[in-house]
Amino acid sequence: MKPAPFEYLAVNSVSEAVTALQRYGPNSRIIAGGQSLMQEMNLRQTRPAFLVDINGIKELDYIRETANGLAIGALTRHRTVERSELVQKICPLLQEAVKHIAHFQIRNRGTIGGSLSHNAPGAEYGVVTRLLDAEIVAVGPDGERIIPAEKFFIGHFKTDLKPAEMVTEVRFPALSKETGYAFLEVTRRHGHIPIVSTAATLRLNPDDTVKEAHIALGNVSSKGVPYKVKAVSRLYGQKLTQDVLADLAKAIEAEVDPDPHADSEAVFVKQFSGITSRRVSELSSATYRKQVSSALSCRALNIAFQRIKGGI
Ligand SMILES: Cc1cc2nc3c(=O)[nH]c(=O)nc-3n(C[C@H](O)[C@H](O)[C@H](O)COP(=O)(O)OP(=O)(O)OC[C@H]3O[C@@H](n4cnc5c(N)ncnc54)[C@H](O)[C@@H]3O)c2cc1C
């Protein structure tokens, strides 16, 4: 399939992009890596009349160390994050997550700003952004605003971005040396959009009881947003014994609320083959995703624990 006709404007600055988005209104769309948008346009699920190409805004392609962590420009490719020594040093969890995104050809083009703005269920960046309470910087006709990850994602393929606003930067806090971390996901096959994705961080007290733990999950919320697990607070002050983890697993299964009609893998297969195969339906069922959520979460905590202890 080919896209519906559209007009195209390549811009070289954020202000040019915002002006163009304002001028052409709701029928205009930004194109960054094009790895999600072009699929939708070729399938005519989206028919923007006007495309604003931001690939010429070179000042949005950077990874910088900040006082609290990392600032990553919206146009930074997945592959750049994957290979960055700075990311490895300051926020290695992000690097672990980005390796799971698609295949390297897609990672060569796709951008962090595009991934977050697209907000596909289960997308790796969304899960890490939510876990670490990262901040998304957006610029629009009224200037700049900083949106906490918790408020940025508002629904399936929806974000808090206002008309003519664009993402310019994402800010991640540094992970301390004492923090264990892990990123895990289940996909139908490597490079596919996750059925469930999980990120976890862990800090221990000197006696190995849990000082602080966080878990975020992708594709398990009926609201279509990356989900931060509440039940994890029951671990505080406890050792990560099998009984404690089994109790957590049950609580996570009860807590998560996957939308049976909005699984990314099922939607993806349906888009490209016109059918949802029985196997994909089983794998993407809400029950399956609940079970996977709890199993992946406990495994991620175990890996985080081993990292603290130097076992990985
Ligand atoms: C086969 C395949 C497998 C994939 N697998 C995965 C996967 O496993 N995990 C995953 O996370 N992703 C996956 N993707 C998607 C990929 O990560 C995309 O790169 C990403 O979702 C979008 O980034 P982009 O730069 O390509 O954005 P584009 O496709 O150019 O744009 C996507 C959307 O974001 C908007 N947008 C782009 N940049 C900005 C900005 N700076 N500000 C505001 N709006 C903006 C666009 O208007 C559009 O609506 C896959 C894609 C393909 C084709």
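Residues numbered from 1 in each chain as written. Predicted model: local features only at pLDDT ≥ 70, side-chain atom pairs only at ≥ 80, totals over all residues. Heavy atoms only, no water.

- For the protein, an unreviewed UniProt entry supplies the name Carbon-monoxide dehydrogenase medium subunit and the organism Thermoflavimicrobium dichotomicum.

1. Looking at the overall build of the protein
- Per the secondary structure count, the protein includes 13 helices and 14 strands.
- For 312 residues, the compact-globule estimate of 2.2 N^0.38 gives 20 Å, and the C-alpha radius of gyration of the protein, at 20 Å, lies within 12% of that figure.
- Here the protein holds 312 residues, and 54% of them are scored as buried.
- Counting only contacts in the protein whose residues sit at least 6 apart along the sequence, the fraction spanning at least 24 positions is 65%.
- In the form shown here, the protein has an accessible surface area of approximately 14,500 Å², with 50% of it arising from carbon and sulfur atoms.
- On the protein, the mean spot of the 39 positive side-chain charges and the mean spot of the 33 negative ones are 4 Å from each other. (Helix = DSSP H or I, 4+ residues; strand = E, 2+ residues; numbered from the N terminus. Rg over C-alpha atoms; globule rule 2.2 N^0.38 Å. Buried < 20%, exposed > 50% of the residue type's maximum accessible area, 1.4 Å probe, protein only. Contact = heavy atoms within 4.5 Å. Areas by Shrake-Rupley, 256 points an atom, 1.4 Å probe, with all protein chains shown as cover. Lys, Arg positive; Asp, Glu negative; His and termini not counted. Charge placed at Lys NZ, Arg CZ, Asp CG, Glu CD.)

2. A closer look at the site of the ligand
- Around the ligand sit 33 residues in total, of which Ile30, Gly34, Gln39, Thr111 and Glu124 are the nearest.
- Within the contact set of the ligand, an oxygen atom lies 2.8 Å away from a backbone nitrogen or oxygen of leucine 37.
- Within the side chain of serine 117, an N or O atom sits 3.2 Å from a nitrogen atom of the ligand.
- Across the complex, the protein chains shield 92% of the 970 Å² of accessible surface that the ligand would expose by itself.
- The greatest single-element share of the shell around the ligand, amounting to 5 residues, is contributed by helix H7 (residues 112-118). (Near = heavy atom within 4 Å. Polar contact = N/O pair within 3.5 Å; in protein donor to acceptor, adjacent residues only side chain to side chain.)

3. A short note on the sheet that holds strand E5 (residues 69-73)
- Across the sheet, which stays open at both edges, the 5 strands sit in the order E4-E5-E10-E6-E7 with antiparallel pairing between neighbours. The sheet is open, and its two borders are formed by strand E4 (63-65) and strand E7 (143-148), each paired with just one other strand. Direction aside, the axes of adjacent strands within the sheet are offset by 20 degrees on average.
- Pairing analysis gives 5 bridges linking E5 to strand E10 (residues 166-173), with the strands arranged antiparallel. Looking at E10, one finds that leucine 70 is bridged to phenylalanine 172.
- On the sheet, helix H1 (residues 14-24) packs against strand E6 (135-140) and E10 and is oriented at approximately 130 degrees with respect to E10. (Pairing = 2+ DSSP bridges. Axes fitted to C-alpha atoms, helices over the stretch in contact; angles between N-to-C directions.)

4. Quick look at the pattern of salt bridges
- In total, this model carries 14 salt bridges according to the counting rule given.
- Among the salt bridges present, the one from lysine 89 reaches glutamate 65, with a minimum N-O distance of 3.5 Å. Residue lysine 89 is located in helix H4 (residues 85-90), and its partner glutamate 65 is located in strand E4; the two are separated by 24 residues in the primary sequence.
- Judged by its relative accessible area of 48%, glutamate 65 falls in the partly exposed class.
- The shortest N-O distance in the salt bridge between glutamate 96 and arginine 307 comes to 2.9 Å. In this pair, glutamate 96 is assigned in helix H5 (residues 92-98) and arginine 307 in helix H13 (residues 286-308), connecting sequence segments 211 residues apart.
- Note on glutamate 96: relative accessible area 18%, which makes it buried.
- Ionic contacts of the salt-bridge type, sharing partners, join the residues Arg145, Asp160, Lys162 and Glu165 into one network. (Salt bridge = Lys/Arg side-chain N within 4 Å of Asp/Glu carboxyl O.)

5. Regarding the packing of aromatic side chains
- Counted by the stated rule, this structure contains 2 aromatic pairs.
- Between the aromatic rings of tyrosine 24 and phenylalanine 50, the centroid separation amounts to 3.5 Å while the plane-to-plane angle is 10 degrees, which identifies the pairing as stacked. Taken together, the residues tyrosine 24 in helix H1 and phenylalanine 50 in strand E3 (residues 50-53) connect sequence positions 26 residues apart.
- Residues phenylalanine 152 and phenylalanine 153 carry aromatic rings whose centres are separated by 5.2 Å and whose planes lie at 85 degrees to one another, so their mutual orientation is edge-to-face.
- Note on phenylalanine 153: relative accessible area 5%, which makes it buried. (Phe/Tyr/Trp six-rings, centres within 6.5 Å; stacked < 30°, edge-to-face > 60°.)

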